[in-house]
Amino acid sequence: VRVEYYVNENTFKERLHLYFVKNQRSSLRIRIFNLLIKLLTCALYIVRVCIDDDPVRATCYGCEEDLNHTEVLNFFGNKTDEQFQESPIINWQAVLWVNRTLPLWAIQVAVALVSLSEALLLAYLSYKGNIWQTLRSFHFLLELINTIPFILTICWSPLRNLFVPVFLNCWLAKHALENMFNDLHRAMQRSQSALSQQLMILSATFMCLVFTSVCGIQHFQRAGHRHLNLFQAVYYVIVTFSTVGYGDFVPDIWPSQLFMVIMICVALIVLPTQFEQLAFTWMERKKLGGTYSAHRAQSERHVVVCSTNLQADTIMDFLNEFYAHPHLQDYYVVLLSPMELDATMKMILQVPMWAQRVIYIQGSCLKDGDLTRARMSEAEACFILAARQYPDKTAADEHTILRSWAVKDFAPNVPQYVQIFRPENKLHVKFAEHVVCEDEFKYALLANNCMSPGISTLVTLLLHTSRGQEGQASQEDWHRLYGKCSGNEIYHIRLSDSRFFGEYEGKSFTYAMPASTHTGNMVWHW
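Residues numbered from 1 in each chain as written. Predicted model: local features only at pLDDT ≥ 70, side-chain atom pairs only at ≥ 80, totals over all residues. Heavy atoms only, no water.

Under an unreviewed UniProt entry, the protein has the name RCK N-terminal domain-containing protein and belongs to Petrolisthes cinctipes. The protein has a UniProt comment under Catalytic activity (unreviewed entry) that states "K(+)(in) = K(+)(out)". (UniProt positions renumbered as here; feature names shortened; annotations may be inferred.)

Below is the structure:
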């Protein structure tokens, strides 16, 4: 449901709060704009690094080189790497100052003004009487660090070449990305799975760690003897974080070494926490059984089996009979149940025969979210099995009827095959494609067995798929004969279309009966 705000805010702050925070769609636009601004600042930093090809001679804007700085330059030019390691000298001028062109400076100042204005406005709107809580916020302090130095350069031109750690805006971009996804889900009325949310946060955190490390080590090495470009810095950071450590690139001054030690410690603290949360979310999702993907539902055919309790013998009977039909071999079976899988069912679903074709989803037919996870609207059919764990069969039928109604309301075009106990409850699910009443079928079979002894055994054997291998190792002749005949099948065919029995069309039943007996199958002639 799309929410429209008709409010009577009178103050200017209330109206701004409505537009920037309360209104989902306008808040989402502001989050996207904030994310783009942060990414733009990181891109501008990379551009500045690429065009700054002489970091040794970096100095303040419009300043001339002093004598001490000239001696340092001569020292750097006359020393090899081994000689520099014996007596290193840090070029602090290269750390403090950078070479920044005037157009680039103007763009960065304009972006900083926009970012600072937005940060101050959001801080003003979120102010609730405690200003220190806002000032101690990590993201607010980071915003001040990355914007105020650029604004100061407007007042004093020598500061135009001042180094500002703009690459730290990647953490603000990560924060804006998380807020943007939250507003997106609120505005679109769609929820993102917890696992994908954790994966997004972990990926963003790792990228921020790598980007911060690359930019930091590249900048600190400006003060050393061996300078690194961005590609070399990326190579060094990846090799270091992967604990390979080839040693072809080594920081040669202590600020660079201290920075990498700090970043490694931060990575050892942050990443394991993210991995732990991801593993916990993954384990919880494994218990829920996951989701049947929309792409698979469009390209593959599947049926949904709804049951209150997944009993191993009941599910195995269903799977064996379902996949016994040759036209159903390419179908997927989605098991939807509110109960967790027991040890037996977990072992069954790990069998290669079923692992590739049977998908378990923990959920209820009474919840639209769970029916969406099972892609009930795209299913070829829905089988609703009776709840056998209830001692009261009337109560079990009530649960079955409620599930059938919920499926009918959610996916009215999906055929339903419903199993119930009491004949009087068939009326409530008459819309189903087929309704199997267990008591009605059982009592009818027993009644016919009184008139034709043995017909209950015959029908039972015909309804169960068998290859006729049962009892073949027995010493009793009747065991082997019984097992062999249990593999007989029943077919509904048109006599004129049969290649074997088409010649008997128009003949008497007594004439055609010996032919059907020799085939080994029970055949009904139509």
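Don't stop here, the text continues.
### Overview of the packing of helix α2 (residues 24-51) against helix α6 (residues 102-125)
Two elements in contact, α2 and α6, have axes separated by 11 Å at closest approach and are oriented at 150°. As far as their axial angle goes, α6 and α2 are roughly antiparallel. The hand of the α2/α6 crossing is left-handed. Between α2, through Ile-30, Phe-33, Asn-34, Ile-37, Lys-38, Leu-40, Thr-41, Leu-44, Tyr-45, Arg-48 and Ile-51, and α6, the contact on the second element is made entirely by Leu-104, Ile-107, Gln-108, Val-111, Val-114, Ser-115 and Glu-118. For the contact of α2 with α6, the class distribution of residues is 11 nonpolar, 4 polar and 3 charged. (Axes fitted to C-alpha atoms, helices over the stretch in contact; angles between N-to-C directions. Helix = DSSP H or I, 4+ residues; strand = E, 2+ residues; numbered from the N terminus. Parallel < 35°, antiparallel > 145°, perpendicular 65-115°, else oblique. Left-handed = near helix turned anticlockwise from the far one by under 90°. Contact = heavy atoms within 4.5 Å. Nonpolar A, V, L, I, M, F, W, Y, C, P; charged D, E, K, R; others polar.)

### What about the side chain of Arg-48?
Tracing the sequence through the fold places Arg-48 in helix α2. Under the relative-accessibility criterion, Arg-48 is labelled buried at 2%. (Buried < 20%, exposed > 50% of the residue type's maximum accessible area, 1.4 Å probe, protein only.)

### A few points about the sheet that holds strand β1 (residues 302-306)
The sheet built from 6 strands is open, its strands ordered β3-β2-β1-β4-β5-β6 with parallel pairing. The outermost strands of the open sheet, each flanked by one partner alone, are β3 (358-362) and β6 (434-437). If you compare each strand with its neighbour and ignore which way they point, the axes differ by 15° on average. Strand direction decides the pairing type here: strand β5 (residues 416-420) and β6, joined by 4 bridges, are parallel. Bridge pairing links Gln-419 to Val-436 in β6. Packing against the sheet, helix α14 (residues 312-322) makes contact with β1, β2 (332-337), β3 and β4 (381-384), and its axis sits at approximately 160° to β2. Packing against the sheet, helix α19 (residues 438-451) makes contact with β5 and β6, and its axis sits at approximately 60° to β6. (Pairing = 2+ DSSP bridges.)

### Points about the nonpolar core
As a rule of thumb, soluble globular proteins bury nonpolar side chains together. Tyr-45 and Ile-217 are the most contacted members of the largest nonpolar core, which has 37 residues in total. Taken together, the elements giving at least two residues each to this core come down to α2, α6, α8 (138-155), α9 (169-188), α10 (194-220), α11 (230-241) and α12 (254-288). In this view, Ile-217 contacts Leu-228, Ala-233, Tyr-236, Val-237, Pro-251, Ser-256, Phe-259 and Met-260; residues no more than four positions away in its chain are not counted. (Core = buried A, V, L, I, M, F, W, Y, C linked by side-chain atoms within 4.5 Å.)

### Things to note about the layout of surface pockets
To find leftover empty space, one rolls a probe the size of a water molecule over the atoms. By volume, the largest pocket amounts to about 2200 Å³. Lining the largest pocket are 48 residues, with Asp-317, Glu-321, Phe-322, Leu-463 and His-464 positioned closest to its centre. Those elements that provide at least two residues to the lining of the largest pocket are α14, α16 (352-355), β4, β5, β6, α19, α20 (455-463) and β7 (490-492). Broken down by element, the residue count for the lining of the largest pocket peaks at 7 residues, all from α14. Grouping the amino acids of the lining of the largest pocket by side-chain chemistry returns 26 nonpolar, 14 polar and 8 charged. (1 Å grid on protein atoms, 1.4 Å probe; cavity = no way out; pocket = protein on both sides within 12 Å on 5 of 7 lines; lining within 4 Å. Points joined across faces, edges and corners; volume = space filled by probe spheres on them.)

### Section: empty space enclosed by the protein
On inspection of all chains with the given rule, the structure shows 3 cavities of 30 Å³ or more. Its boundaries defined by the atoms lining it, the largest cavity holds a volume of some 90 Å³. As for the largest cavity, its lining consists of Lys-38, Thr-41, Gln-108, Val-111, Ala-112, Ser-115, Glu-143, Asn-146, Thr-147, Phe-150, Val-166 and Asn-169. For the lining of the largest cavity, the elements supplying multiple residues, two or more each, are α2, α6 and α8. When grouped by side-chain class, the residues that make up the lining of the largest cavity number 4 nonpolar, 6 polar and 2 charged. Of the pockets and cavities examined, the second largest cavity occupies roughly 60 Å³. As for the second largest cavity, its lining consists of Ser-307, Asn-309, Leu-310, Gln-311, Thr-314, Ile-315, Leu-385, Ala-386, Ala-387, Arg-388 and Gln-389. Its residues placed into classes, the lining of the second largest cavity shows 5 nonpolar, 5 polar and 1 charged.

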